[in-house]
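Take a look at the letters that make up each chain.
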Amino acid sequence: MDNELSTQPHGMEDVEIQEWLESLDSVLESSGPEVAAEILERLRAHATVNGIDLPFSANTPYANTIPARLQPLFPGDQELERRIKSLIRWNALAMVVRANRVEHNIGGHISTYASAATLYEVGFNHFFRARTEEFEGDTVYFQGHASPGIYARAFLEGRISAQKLENFRRELKPGGGLSSYPHPWLMPDFWEFPTVSMGLSPLMAIYQARFNRYLADRGMKPATDAKVWAYLGDGETDEPESLGAITLASREKLDNLIFVINCNLQRLDGPVRGNGQIIQELESAFRGAGWNVIKVLWGSEWDPIFERDTGGLLVKRMGELVDGEYQKLVVSSGAYVREHFFGSDPRLLQLVEPMSDESLRRLRLGGHDPRKVYAAYKAAVEHKGSPTVILARTIKGYGLGEAGEGKNVTHQQKKLNEDELREFRSRFGIPLNDEDCIEVPFYRPAEDSVEIQYLRSRREALGGYVPKRSVRAKPLVADHDELFKEFLDGSEGREVSTTMAFVGMLRKMLKDAEIGKLVVPIVPDEARTFGMESLFRTAGIYSSAGQKYEPVDVNTLLYYKEAKDGQILEEGITEAGSMASFIAAGSAYATHGINTIPFFIYYSMFGFQRIADFIWAAADMRTRGFLLGGTSGRTTLSGEGLQHQDGNSHILALPVPNIKAYDPAFAYEIAVIIQDGIRRMYKDGENVFYYITVMNEPYAMPAMRGDVKDGILRGMYRFRPAANAKAKLRAQLFGSGAILNEALRAQEILETKYGVAADVWSVTSYKELYNDGIETERWNRLHPGEKARVPYVTKCLADAPGVLVAASDYLKTMPNMISKWMPRHLASLGTDGFGRSEGRAALRDFFEVDSRFITLATLHELFVDGKIERSVLDKAITDLGIHADKPNPVIS
Ligand SMILES: Cc1ncc(C[n+]2csc(CCOP(=O)(O)OP(=O)(O)O)c2C)c(N)n1
Ligand SMILES: [Mg+2]
């Protein structure tokens, strides 16, 4: 620790400084803070003009932003709230300790909530307004690792049973348990937002706050003063997503957004910034980004000391310590604090002269002082014009004493010995005797106790309980047959891409009486890529500021129209931000009771590959809507090369359990999928969402022939049967997306040149086929006595003769994963490997997925089956112009 208080520059006298400070004090007193601020501003300008080089700093001193004299009265019963908080602390700890006694290493966290308890309790008792019939309610993103505390409160509120607490992290026990972290998928009546993958919730909260404004600006809900609160860890702010969108929040003047960052200065392994100051670092980042920053560093016990410090020495000293030193100080004895903190200067020592070591030890930090936290929250909710971040200093593992308070190991602490339990019990006054206490029982006072009565009355005053998730949107009623009908007819020879076809559908949906208003098109600066610019003018681009300028292209038909009631969310180059908007819009059926239907269209390579964790969170949140992977297909997107060409996303969509992934080839297939998707999600309320890849290769869109809707949705149907079904040589070709056309060309080559009659199938979804296959196998395994079920693929191919060849613009794994339910060996062609900057034909040759390679694969299968001579195969290789020693695309 640095014991030298730095000397004043150039021998400046204390008196001189004192005089300046006193005159500022007198201005403050006589004319108020605005005038004082004006004088300081003028002084700064004057100094600059006179060549004084003042270093830029977005920081304020290491002190509370709200001085004690401006602090409002605390409106609650502080003692009672402390007792309630203590009970919650106990039950949260008990939950984790008990769970780990029953099941070694089941995990759970004590120290995160221990440090954040006051931050949450002030919110629960005074700020978080529940959703009611009349009011939309505040939205709270709870820090994932604090979940034991949130459960413990719900237990006191009578919303979660002791049995459920007992089964924390053991969700499969009879009667159910509690999920480790906030997961709406697992606890759909309780949790609203999955937050535990760190960094996602701050970004989601920003876009949620912006989406709330969007709904109001479009007249879809009344404008209210509802707030979005997001609780984060200080370590969490290292995730790029955490701070990645903070300028959007200030640009959009989101004063409905409040971040509370629990600055316990620790993360999992150790200090967040041992050699620096995370609070000051965050302050400058947020202030620089235009946020209202409120620091809550010191508790009320410090107020009189600050008052005695007329020279500003104490604040200066506070600014000198690095976090590693602070971490040690806050858990040290009073004597240590006196010597190592105040001892750096005799004048500082004098400030605390009248205080005992014990009272020095008891100096609280701001984040543990309800009065300071209340003052900050009140200022935050009243603040206008920009979002607020509260930086609250706390101690990680507060109250754990020797078991981990402020220690580097505290994050992982799950077990307390008997002494530690008794100490915790005594410190927080839990009415349990020494013996009972070591059993760590859950403790809930009687229903008519003052604690429970108070807790209930506070929540009643705030409209009910939080968190609580409910689905309030009314199901849609229309069937939308009319809307989608025209897309079943084909393009009558006109060459269009599936992207164009989709945009046509979007345009029509936007005009529909029932869903028109509900559609939320989302683009990450990619609308022109997808030919969506015509929507700029008709639907408008949402801008909370309207359009303050005349757009440069105002005289053109498709000018860039921004409007306050614009419908398109043009997010700029942020797939993560766009996804956060998708999540906000796709979960509005629950959060707002409004069935908004998001269509997020993006470069498919920058979707799952880049923001898969957000997609996973969306799945957890039961988000509804459509993700459109544009310009997809490794060989269909020509020119763009290795980073852009997507042959991966359908693989990456596989693990997301509730996403339905389709790789359609034709406009009518897309129409069928979207129409059915709207029905499933918004009429029947299924918790699924959709991933549809669309491509930019133009070709004539055929009309839908026959009753193939069911096949499209289930994953495959026979698109064009062989002309000569009686031929001796038979084959079944499976194509997906734009590669279906290659299969169709191969069908012709095979028939005309080699006498092979092939049926061509459109495989719209390998994922659907795979899920059906594994589900069928599972059912058969579990029901051996019943008539075995048959996978859909097997049924389709029951009477389909000949060899089997599949080709897609994705990895060969896709067809391979369903081949075991096929009647014979399957030859799979696909695009494993890095893309190339090339044209489509060259790419399809390189990746061996064009009609020539499909033909070759078919002939090869026939040869292996002994149906054709080797010489036919050899000649075909030559005739098709295939080089046997060409580079292997997988590894080149
Ligand atoms: C994306 C991600 N990476 C890593 C983790 C694992 N993890 C859980 S808690 C934690 C430390 C949290 O520190 P901080 O954000 O400061 O929260 P605190 O518990 O101190 O309040 C880590 C690394 C995670 N949950 N999510
Ligand atoms: Mg932390």
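All of the points below concern the structure found in this document.

Of regular secondary structure, the protein possesses 36 helices and 20 strands. In terms of its C-alpha atoms, the protein occupies a principal-axis envelope of roughly 105 × 70 × 55 Å. Looking at the protein alone, contacts between residues at least 24 apart form 78% of all its contacts between residues at least 6 apart. For the protein, the accessible area works out to roughly 36500 Å², and carbon and sulfur atoms hold 52% of it.

Quick look at a negative patch on the surface now. Together, Glu16, Glu19, Glu22, Asp25 and Glu29 make up a region of like negative charge exposed at the surface. Residue position: Glu19 is located in helix α1 (residues 14-31).

Distances from the magnesium ion (ligand 2) to its protein donors, Asp234 (OD), Asn264 (OD1) and Gln266 (O), fall at 2.0 to 2.1 Å. All donor residues of the magnesium ion (ligand 2) come from one chain, and their arrangement in sequence is D-x29-N-x1-Q. Taken together, the residues Asp234 in the loop between β2 (228-233) and α8 (240-244) and Asn264 in the loop between β3 (257-263) and α10 (278-288) connect sequence positions 30 residues apart. Classification of Asp234 by relative accessible area gives buried; the value is 1%.

This brings us to the sheet that holds strand β17 (residues 729-735). Two strands in a sheet stick together by hydrogen bonds in their backbones, pointing the same way (parallel) or opposite ways (antiparallel). Strand order in the open sheet formed by five strands is β16-β18-β17-β19-β20, with mixed pairing between adjacent strands. At either margin of the open sheet sits one strand with a lone partner, and together these are β16 (716-720) and β20 (826-829). Sheet twist, expressed as the average angle between the axes of neighbouring strands with direction ignored, equals 25°. When β17 meets strand β18 (residues 756-763), the two strands line up parallel, connected through seven bridges. The residue bridging Gly735 from the neighbouring strand is Ser762, located in β18. Along the sheet, helix α30 (residues 739-754) makes contact with β16, β17, β18 and β19 (803-807), crossing β18 at roughly 170°. Helix α35 (residues 851-864) rests against β17, β18, β19 and β20 of the sheet, and its axis sits at about 155° to β19.

Another aspect to go through is the site of ligand 1. As a structural note, the neighbourhood of ligand 1 is formed by 18 residues, with Thr112, Asp234, Gly235, Glu236 and Lys396 the closest of them. Within the backbone of Met198, an N or O atom sits 3.1 Å from a nitrogen atom of ligand 1. Between ligand 1 and Gln266 there is a distance of 2.9 Å, counted from an oxygen atom to a backbone nitrogen or oxygen. Burial of ligand 1 by the surrounding chains reaches 76%, relative to a free accessible area of 590 Å². Here the residues of the shell around ligand 1 sort into three nonpolar, ten polar and five charged.

Time to look at α1. Between its first and last C-alpha atoms α1 spans 25 Å; for 18 residues at 1.5 Å apiece the expected length is 26 Å, and the two agree. Among the residues trailing α1, Gly32 stands out with phi positive, at a value near 90°.

What follows is about the sheet that holds β3. Taken together, the five strands give an open sheet; going across it, the order is β1-β2-β3-β5-β4, and neighbouring strands pair in parallel fashion. Here the strands that pair on one side only, and so sit at the sheet edges, are β1 (139-141) and β4 (292-296). Taken over all neighbouring pairs, the strand axes of this sheet differ in orientation by 15° on average, direction set aside. Relative to β3, β2 runs parallel, the two sharing six bridges.

This part takes up the packing of aromatic side chains. This structure, assessed with the given rule, holds 50 aromatic pairs. Here the aromatic rings of Phe128 and Trp229 are separated by 5.5 Å at their centres, their planes lie at 70°, and the arrangement is edge-to-face. Note that Phe128 is positioned in the loop between α4 (111-126) and β1 and Trp229 in strand β2, a separation of 101 residues in sequence. Here Phe128 falls in the buried class, since its relative accessible area comes to 0%. The interplanar angle of 40° and the centroid separation of 6.3 Å between the aromatic rings of Phe734 and Trp761 together place this pair among those described as tilted.

This part is about the side chain of Ser300. Topologically, Ser300 is positioned in the loop between β4 and α11 (303-308). A polar contact is formed between the side chain of Ser300 and the side chain of Asp369, at a distance of 2.5 Å. If sequence neighbours within four positions are ignored, Ser300 has contacts with Asp369, Arg371 and Lys372.

Glancing now at unusual backbone geometry. The omega angle of the peptide bond from Val466 to Pro467 is -5°, so this bond is cis rather than trans. By the secondary structure assignment, Pro467 is in the loop between α20 (450-461) and α21 (481-485). For His480, which is not glycine, the phi dihedral falls at a positive 60°. Mapped onto the elements, His480 comes out in the loop between α20 and α21. Even without being a glycine, Glu848 presents a positive backbone phi close to 65°.

For the coordinates displayed, the defined rule picks out seven cavities of 30 Å³ or more. The calculated volume of the largest cavity comes to roughly 70 Å³. Looking at the lining of the largest cavity, the elements that each hand over two or more residues are β13 (659-662) and α31 (766-782).

Burial analysis of β2 places six of its six residues in the buried class, which makes it a mostly covered element. Burial along β2 is two-sided: Val228, Ala230 and Leu232 and Trp229, Tyr231 and Gly233, pointing in opposite directions, are all buried. Note that β1 and β2 share three bridges and pair parallel. When the sheet's bridge partners are listed, Tyr141 is paired in β2 with Ala230.

A separate point is a nonpolar patch on the surface. Together, Trp20, Val35, Ile39, Leu40 and Leu43 make up a nonpolar patch on the protein surface, roughly 440 Å² of accessible area in all. When residues in the nonpolar patch are grouped by element, the largest group, four residues, is from helix α2 (residues 33-49). Its location among the elements puts Leu43 in helix α2. Judged by relative accessible area, which is 36%, Leu43 ranks as partly exposed.

How each quantity is defined
- Residues numbered from 1 in each chain as written.
- Chains lettered and ligands numbered in written order.
- Predicted model: local features only at pLDDT ≥ 70, side-chain atom pairs only at ≥ 80, totals over all residues.
- Heavy atoms only, no water.
- Helix = DSSP H or I, 4+ residues; strand = E, 2+ residues; numbered from the N terminus.
- Contact = heavy atoms within 4.5 Å.
- Areas by Shrake-Rupley, 256 points an atom, 1.4 Å probe, with all protein chains shown as cover.
- Patch = residues over 30% accessible without salt bridge, like charges linked within 9 Å, V, L, I, M, F, W, Y side chains within 5 Å.
- Salt bridge = Lys/Arg side-chain N within 4 Å of Asp/Glu carboxyl O.
- Lys, Arg positive; Asp, Glu negative; His and termini not counted.
- Charge placed at Lys NZ, Arg CZ, Asp CG, Glu CD.
- Donors = N, O, S within 2.8 Å, 3.2 Å for Na, K, Ca; no water.
- Buried < 20%, exposed > 50% of the residue type's maximum accessible area, 1.4 Å probe, protein only.
- Pairing = 2+ DSSP bridges.
- Axes fitted to C-alpha atoms, helices over the stretch in contact; angles between N-to-C directions.
- Near = heavy atom within 4 Å.
- Polar contact = N/O pair within 3.5 Å; in protein donor to acceptor, adjacent residues only side chain to side chain.
- Nonpolar A, V, L, I, M, F, W, Y, C, P; charged D, E, K, R; others polar.
- Expected span 1.5 Å × (residues − 1).
- Phe/Tyr/Trp six-rings, centres within 6.5 Å; stacked < 30°, edge-to-face > 60°.
- 1 Å grid on protein atoms, 1.4 Å probe; cavity = no way out; pocket = protein on both sides within 12 Å on 5 of 7 lines; lining within 4 Å.
- Points joined across faces, edges and corners; volume = space filled by probe spheres on them.

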